[in-house]
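# Structure assessment
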Amino acid sequence: QTVLGYDDELINGQRNTLVFNTFVWMQIFNQWNNRRLDNKFNIFEGLFQNWFFVGINIAMMGAQVLIIFVGGRPFSIAETRPPQTGPQWAYAIVLGFISIPVGILIRLIPDTLVLKLIP
């Protein structure tokens, strides 16, 4: 069984690292969706009025890069060097970014429909 062409045991570590990296980037980008509690689409409105949010996002992004490059065994990061190749980084970030359009699609669901589904 291969996923993205990964079938070697050593390369499986990179695949697992890719899954972890993608999941974290999904969380980082989903924070941008969660800034908006209404059904409006502009998730960037008023962004720089909350410097804590911007700072925390920058810190999380930096921490994720550090975890991938020096996290090693505590985070079960692949022991290959580099632990993630350029295309793997692109997969992780692009797949993570997809959470923003998903957030837009969720905003298109009428609140009344959701309320009808909840008993």
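Residues numbered from 1 in each chain as written. Predicted model: local features only at pLDDT ≥ 70, side-chain atom pairs only at ≥ 80, totals over all residues. Heavy atoms only, no water.

Looking at an unreviewed UniProt entry, one finds the chain named Cation-transporting P-type ATPase C-terminal domain-containing protein, with Neoarthrinium moseri as its source organism. The annotation that UniProt attaches to the chain under Subcellular location (unreviewed entry) is "Endomembrane system". (UniProt positions renumbered as here; feature names shortened; annotations may be inferred.)

### Digging into the overall build of the chain
Per the secondary structure count, the chain includes 5 helices and 0 strands. Listed N to C, the secondary structure of the chain is α-α-α-α-α in terms of helices and strands. The globule rule puts the C-alpha radius of gyration for 119 residues at 14 Å, and the 18 Å found for the chain is more than 25% above it. Principal-axis analysis of the C-alpha atoms gives the chain an extent of 50 × 35 × 25 Å. Evaluated residue by residue, the chain yields a buried proportion of 31% over its 119 residues. Sequence-distant contacts, at least 24 apart, represent 68% of the contacts inside the chain between residues at least 6 apart. Per element, the accessible surface of the chain, about 8,200 Å² overall, is 70% carbon and sulfur. Counting 8 positive and 7 negative side-chain charges, the chain places the centres of these two groups 10 Å from one another. (Helix = DSSP H or I, 4+ residues; strand = E, 2+ residues; numbered from the N terminus. Rg over C-alpha atoms; globule rule 2.2 N^0.38 Å. Buried < 20%, exposed > 50% of the residue type's maximum accessible area, 1.4 Å probe, protein only. Contact = heavy atoms within 4.5 Å. Areas by Shrake-Rupley, 256 points an atom, 1.4 Å probe, with all protein chains shown as cover. Lys, Arg positive; Asp, Glu negative; His and termini not counted. Charge placed at Lys NZ, Arg CZ, Asp CG, Glu CD.)

### Observations concerning the UniProt feature "transmembrane region" (unreviewed entry) in the chain
UniProt marks residues 50-69 and 89-109 with the feature "transmembrane region" (unreviewed entry), using the numbering shown here. Helix makes up 95% of residues 50-69 and strand 0%, and the two end C-alpha atoms of the span are 30 Å apart. The annotated region residues 89-109 carries 86% helix and 0% strand content, and the separation between its end C-alpha atoms amounts to 32 Å.

### Let's talk about the side chain of T17
Following the sequence through the fold, T17 ends up in helix α1 (residues 9-34). A distance of 2.8 Å separates a polar atom in the side chain of T17 from the backbone nitrogen of A78. Once residues lying within four places of it in the same chain are set aside, the contact partners of T17 are I68, S76, I77, A78, P83 and Q84. (Polar contact = N/O pair within 3.5 Å; in protein donor to acceptor, adjacent residues only side chain to side chain.)

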